[in-house]
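What follows is each chain in one-letter form.
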Amino acid sequence: MKLSDFFLGSRQLFGFLAPGSIWLASLFLLVFNIEPISLFEDLSGWKILFFFAASLVVGTAIETLSFNISVRLSAWIHGQNVSREEGDLDYFPSDVDKTLMGHARDVIAKDYQDLTYTEGLNDREFSQLCRRHVLNHSSTGKERIIEYESEVNLLSMLFLPLLIFSAAWGFHSAFQISGLTIFERGINIAKISLPSLIVAGLLLFRLHPLRREESEYWFQSFLSLHLETKK
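Report follows, based on the coordinates. Owing to the predicted nature of the structure, the values given are computational and were not obtained by experimental measurement. (Residues numbered from 1 in each chain as written. Predicted model: local features only at pLDDT ≥ 70, side-chain atom pairs only at ≥ 80, totals over all residues. Heavy atoms only, no water.)

## Some words on the packing of aromatic side chains
No. 1: For the structure shown, the criterion picks out two aromatic pairs.
No. 2: A ring pair is formed by phenylalanine 126 and phenylalanine 219, whose centres lie 6.0 Å apart and whose planes are at 20°; its orientation type is stacked. Separated by 93 residues along the polypeptide, phenylalanine 126 in helix α6 (residues 123–137) and phenylalanine 219 in helix α8 (residues 182–230) bring together distant segments of the chain. Here the two residues phenylalanine 126 and phenylalanine 219 agree in accessibility, since each one is buried.
No. 3: Ring plane angle 50° and centroid distance 5.6 Å describe the contact between tyrosine 148 and tyrosine 217, whose orientation is recorded as tilted. Here tyrosine 148 is found in helix α7 (residues 139–174), whereas its partner tyrosine 217 is found in helix α8, with 69 residues between them in sequence. (Phe/Tyr/Trp six-rings, centres within 6.5 Å; stacked < 30°, edge-to-face > 60°. Helix = DSSP H or I, 4+ residues; strand = E, 2+ residues; numbered from the N terminus. Buried < 20%, exposed > 50% of the residue type's maximum accessible area, 1.4 Å probe, protein only.)

Shown next, in the form of structure tokens:
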């Protein structure tokens, strides 16, 4: 066991802890009418530690839901689809460059006799094989893959909690002011929620192109490694 095992990596930080914290902040706003800032003012060190531990648990629990919703919505915005074969744990961008993928399949069929079983793999399974090959044989490729995964986690896991938090903050703030008409409250909710909604929308818009770029990088790196071994 290494010392680094006791610290949160980028996946845990951006994929679990940060989204979980936003979910809990939304819950405190909607259910207990407590603002996040005042929440931390009243908490001791142990309570803050408990809050972040709970955030990590909540973020982990909703990971699949947040990812699935974000990925499908982002693909829909770009007029694309995501495919999911039975048994897959992930969605695969269907608009990945098929020529690039075909080159990688041809290389394996020609020069990697021990990997001929790949003919029966679907696109996502094949892309994961190329990803594992790069992780195992290229330190530079491994670093770039980790960077991609961290960014994908950030975009996909923050969209849904940001959306909920913007609505929770808008309703909480608007109803703190008495004497407003329904129309005026609606305007206040829209003004308060708009910045968070814009950020959430930008995250969602970037997600699908990033995942396509990530998947294509696996094939490009695999082919680059192949060329290096041929020199």
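That was the structure; now back to the text.
## Details of the pattern of salt bridges
No. 1: Following the criterion strictly, the structure yields five salt bridges and no others.
No. 2: Between glutamate 149 and arginine 131 there is a salt bridge whose closest N-O contact spans 2.5 Å. Of this pair, glutamate 149 sits in helix α7 while arginine 131 is found in helix α6, placing the two residues 18 residues apart along the sequence.
No. 3: In this structure glutamate 149 comes out as partly exposed when scored by relative accessible area, which is 26%.
No. 4: A salt bridge links arginine 144 to glutamate 147; the shortest N-O distance between them is 3.1 Å. Of this pair, arginine 144 and glutamate 147 both sit in helix α7, separated by three residues, roughly a single helical turn.
No. 5: Of the residues examined, glutamate 147 reaches a relative accessible area of 46% and is grouped as partly exposed. (Salt bridge = Lys/Arg side-chain N within 4 Å of Asp/Glu carboxyl O.)

## Some thoughts on α6
Note on helix geometry: an α-helix contains 3.6 residues per turn, so any two residues three or four positions apart are oriented the same way.
No. 1: Between its terminal C-alpha atoms α6 stretches 21 Å, which fits the 21 Å expected from 15 residues at 1.5 Å a residue.
No. 2: Among the residues making up α6, those that are buried are Arg124, Phe126, Ser127, Gln128, Leu129, Cys130, Arg131, His133 and Val134. (Expected span 1.5 Å × (residues − 1).)

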